Amino acid sequence: MSAPETARTSDTDTAAGTTADLVAAEDVLLFVNAAITATGQREFRSGAADQQLSLDFLHTYVRINYRRVYAASLALDINHHNAALIVRRLLESAGEASAEERRTEGRLVAARLALLPPPRVYRLFGELRRAKVNNRRTRAIMREWLAARPDLGHDAVKYRAGLKTVARHVHLPCPEGVRPLAEVGAFLFRPGRLPRYEHGLLDAWRRAHYEQGAVAELPFTVAEGFAAKHGMKREVFLKRAAPRMTRLERLRTQEQRVVRDRRPDVDLTVMPLTRLALYVLSLGFEQRGERRAELTGALRAAARRAAGGHAGSWGRVHAVLDDSFSSSGSGQKRRRPLAVALACHHLLEALAAPGAYRGLWTSGAHDALLVRPWGPTPLGMRILDALEPGADGAVPDRLVIVSDGWDNAPAGLAGEVLRVWRRRLDPAGRTAVVHVNPVYDADGFDVRRLAAGVATAGIRDAEDLPALVEIARFAEGRTGPEELYAYLDRQVARFTGEGGGRGGSVNGPESAPRAARSARVPGEDVTP
């Protein structure tokens, strides 16, 4: 083969490799957006079955084609639903992974399980048992997770069915005479055999069958059933159970009483920003108006906590916030898109330089506290307003659009405005434009985008906005696949506590550092 032919062949191979890398990077970003936003529940424009079918295909596609990236997604800020799905599918398909991949996956799975809520983990373990996933690696991961639980007696009372299922599946030994495991084993598998238990909660559960005073000693979800059995008044029961409620249990009971009690005892100072926004939107307009100073102060304080070290560092920020009718969400995700927009409004105010923030709602509303889902989605018109220079002639440093992307008044105007702005008016990119979308589009296997050149990222909680802006820049086309894979490697190293080496790169089968290979991880080096 002559030299020119050799050169042409090399150029062709390089171009094909570059194209394949770009396609892979796009697939990765598509999956990350889905894993952040999709929960398999009904959305405004698609049903639960459509969501689940779309998500199932996406998980299968990415697991088969990009297994390392699929596992590395556990290190990102994905939602609990998708984290549990990834863990389950990695363990079900352990035979497809190499020894190096299993080692990295073991660390990621153990780290993610430690962050998941216990009910979801027990449900996941139950699904693995029903799927007959019973290899030694899976059992080792389950045993290590149970060993890390602070109080198995508490789990035996609150998650009895789940713990019993896991104990059978992993053959958890509960030797006689070794407390507290012996008591937990007797409680789960030989109820009524012991006259009393030394563990306080186990004995409280025994006494609650005939002693009303023991009900208040139990976890709230368990105590509710005993309270109904004893015929206790709801108000009396809630007052006695309050000291043992978790923060979310206390919030749920208070939201149930909000219609009857115009000012329930809600501690707004400890609520995360997005959940606080959901609570505010659950109140009527009159209540919001009466408590304006309290609610606005709580939202701003939560936003400052969420901004952390990024507070005041984003310069001049303008935002387009979607409060159209579709932001009402669905019966399963009531007002969730609007709550994300309200939370982002206050977070962006904290991230912007002092006095350099401007928020524009699609409905034209000027009072953020009284927003409601209403009207069409004129994103294009609001983007024009947001990009207009201020009195000093300065354009914003950042334009953030929080919307489901269904621009319909008129349709497609937002994408055309952004295209002309980037190509003709701001080719140097003085204004960074980012679109964050809280709604998964089941038909498109991604969140809906406004324009090809605009960075788009899925969002579930407003608190994740600073991290999502970093991910979104990879979708803008200004960075290559290498930067994306390097970012994923850094996230994996941070998440698993391996700050030094790559530890199983998502971009290739590189060997892990010696320290990583020698570390003991649940289920590693175990034959699937």
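All chains use their own residue numbering, which begins from 1 and follows the written sequence. For a predicted model such as this one, the threshold for reporting local features is a pLDDT of at least 70, and the threshold for listing and counting side-chain atom pairs is 80 or more; totals across whole chains, interfaces and linings nevertheless cover every residue. Hydrogen atoms and water are omitted, and side-chain values are computed over all heavy atoms in the structure.

When you look at the overall build of the protein in this model, what are you seeing that I'm missing?
Every helix listed is a DSSP run of H or I at least four residues long, and every strand listed is a run of E at least two residues long, numbered separately from the N terminus. Helix and strand content of the protein: 23 helices and 7 strands. Relative accessibility under 20% of the residue-type maximum defines a buried residue, over 50% an exposed one, and the middle range a partly exposed one, all with a 1.4 Å probe and only protein chains included. Taking all 528 residues of the protein together, the buried fraction comes to 51%. Any two residues having at least one pair of non-hydrogen atoms within 4.5 Å are treated as being in contact. Taking all contacts inside the protein whose residues are at least 6 apart in sequence as the whole, residues at least 24 apart take part in 68%.

I tried to follow the nonpolar core on my own but got confused; where do I start?
Throughout, nonpolar core names a set of buried Ala, Val, Leu, Ile, Met, Phe, Trp, Tyr and Cys residues whose side chains join them through atoms within 4.5 Å. Residues L113 and L465 are the most contacted members of the largest nonpolar core, which totals 132 residues. Excluding residues within four positions of it along the chain, L113 makes contact with V87, V121, L124, F125, I141 and W145. Counting residues in hydrophobic clusters, the runner-up holds 17 residues, among them L379, I401, L450 and A451.

How do you make sense of the sheet that holds strand 4 (residues 432-437) when you look at a structure like this?
Paired through backbone hydrogen bonds, the strands of a sheet run either parallel or antiparallel to each other. Strands pair, by our definition, only if DSSP identifies at least two bridges between them. Here 5 strands make up an open sheet; going across it, the order is 2-1-3-4-7 and the pairing parallel. With one partner strand each, in any of the chains shown, strand 2 (357-361) and strand 7 (455-458) form the two edges of the open sheet. On average, adjacent strands in this sheet sit at an angle of 20 degrees to one another, irrespective of strand direction. Pairing between strand 4 and strand 7: 4 bridges, direction parallel. Across the sheet, the residue bridging to N437 is G458, located in strand 7. Throughout, an axis means a line fitted to C-alpha atoms (over the contacting stretch in the case of helices), and angles, computed between N-to-C directions, take values from 0 to 180 degrees.

How do you make sense of the packing of helix 6 (residues 118-130) against helix 9 (residues 160-170) when you look at a structure like this?
Each pair of packed helices can be described by the angle between their axes along with the distance between the axes. Following both chains from N to C, one finds helix 6 and helix 9 inclined at 45 degrees, their axes separated by 9 Å at the closest point. The orientation of helix 6 relative to helix 9 falls into the category oblique. Of the two possible hands of crossing, helix 6 and helix 9 adopt the one that is left-handed. Two secondary-structure elements touch here, helix 6 through Y122, F125, G126, L128 and R129 and helix 9 through G162, L163, T165, V166, R168 and H169. Three classes are used, and their members are as follows: Ala, Val, Leu, Ile, Met, Phe, Trp, Tyr, Cys and Pro are nonpolar, Asp, Glu, Lys and Arg are charged, and the others, Gly among them, are polar. In terms of residue class, the contact of helix 6 with helix 9 is built from 5 nonpolar, 4 polar and 2 charged. Small angles under 35 degrees read as roughly parallel and large ones over 145 as roughly antiparallel, with 65 to 115 read as roughly perpendicular and the rest as oblique. Left-handed describes a crossing in which the near helix is turned anticlockwise from the far one by less than a right angle; the clockwise case is right-handed.

How should I be thinking about empty space enclosed by the protein in this particular structure?
Gaps left between atoms show up when a probe the size of a water molecule is rolled over them. For each structure, a 1 Å grid was placed over the protein atoms alone; sets of points admitting a 1.4 Å probe that cannot get out are labelled cavities, open sets with protein on both sides within 12 Å along at least five of seven lines are labelled pockets, and lining residues have an atom within 4 Å of a point. Grid points are joined across faces, edges and corners, and a volume is the space filled by probe spheres set on the points. Summed over all chains, the structure comprises 5 cavities of 30 Å³ or more. In this model, the second largest cavity occupies a volume close to 50 Å³. Contributing to the lining of the second largest cavity are D322, S326, S327, P337, A341, V402, S403, D404 and P438. Tallied by class, residues from the lining of the second largest cavity come to 4 nonpolar, 3 polar and 2 charged.

What am I meant to see in the side chain of T431 here?
Counting through the fold element by element, T431 comes out in the loop between helix 20 (413-425) and strand 4. Classification of T431 as buried rests on a relative accessible area of 0%. Those residues in contact with T431, other than ones at most four positions away along the chain, are L387, V395, P396, D397, R398, L399, W421, R422 and D426.

How should I be thinking about the confidence of the model for the protein in this particular structure?
Low pLDDT marks stretches whose predicted atomic positions should not be read closely. A residue's pLDDT is simply how confident the predictor is in it, with values from 0 to 100. Mean pLDDT over the protein: 85, with 86% of residues reaching 70 or higher. The element-level mean pLDDT for the protein is lowest in helix 23 (residues 514-518), coming to 33, with helix 18 (residues 336-351) highest at 97. Within the model, the stretch residues 509-528 combines pLDDT values under 50 with 44 contacts to residues more than four positions away or in other chains.

Would you mind going over the pairing of strand 1 (residues 317-321) with me for this structure?
Side chains on a regular strand alternate between the two faces of the sheet. When you tally the buried positions in strand 1, you get 5 out of 5 residues, the bulk of the element. By the alternation rule, side chains of strand 1 split into V317, A319 and L321 and H318 and V320, which are all buried. Sheet topology places strand 1 next to strand 2; 5 bridges connect them, and they run parallel. Residue pairing in the sheet places H318 in a bridge with R358 of strand 2. The parallel pair strand 1 and strand 2, bridged by helix 18, forms a crossover whose chirality is right-handed. Handedness of a crossover: with both strands directed away from the viewer, a clockwise path from the first strand across the helix to the second marks it as right-handed.

How should I be thinking about helix 6 in this particular structure?
How far a helix is expected to stretch is found by multiplying one less than its residue total by 1.5 Å. Look at helix 6: 18 Å from first C-alpha to last across 13 residues, which is about the 18 Å you get at 1.5 Å a residue. Looking at the buried positions of helix 6, the neighbouring elements they touch are helix 4 (80-92), helix 5 (99-113), helix 7 (136-148), helix 8 (152-158) and helix 9. Count one or two residues on from helix 6 and you reach K132, which has phi positive near 60 degrees.

Can you help me understand unusual backbone geometry in this one?
Leaving glycine out, the prevailing phi sign among residues is negative, and the prevailing peptide bond configuration is trans. Following A409, the chain continues to P410 via a peptide bond in cis, the omega torsion being -5 degrees. By the element assignment, P410 lies in the loop between strand 3 (398-402) and helix 20. The backbone of R335 sits at a positive phi, close to 60 degrees, despite the residue not being glycine. Turning to its location among the elements, R335 is positioned in the loop between strand 1 and helix 18. Residue class for R335 comes out partly exposed when judged on its relative accessible area of 26%. A positive phi angle is found at F445, which is not glycine, with a value near 55 degrees. Judged by relative accessible area, which is 29%, F445 ranks as partly exposed.

Help me understand the layout of surface pockets in this model?
Taken as a whole, the largest pocket encloses approximately 1,700 Å³ of empty space. The set of elements that each furnish at least two residues to the lining of the largest pocket consists of helix 4, helix 6, helix 8, helix 14 (247-256), helix 15 (273-282) and helix 22 (481-496). By residue number, the principal contributor to the lining of the largest pocket is helix 14, which donates 5 residues. Residues of the lining of the largest pocket, tallied by class, amount to 13 nonpolar, 12 polar and 20 charged.

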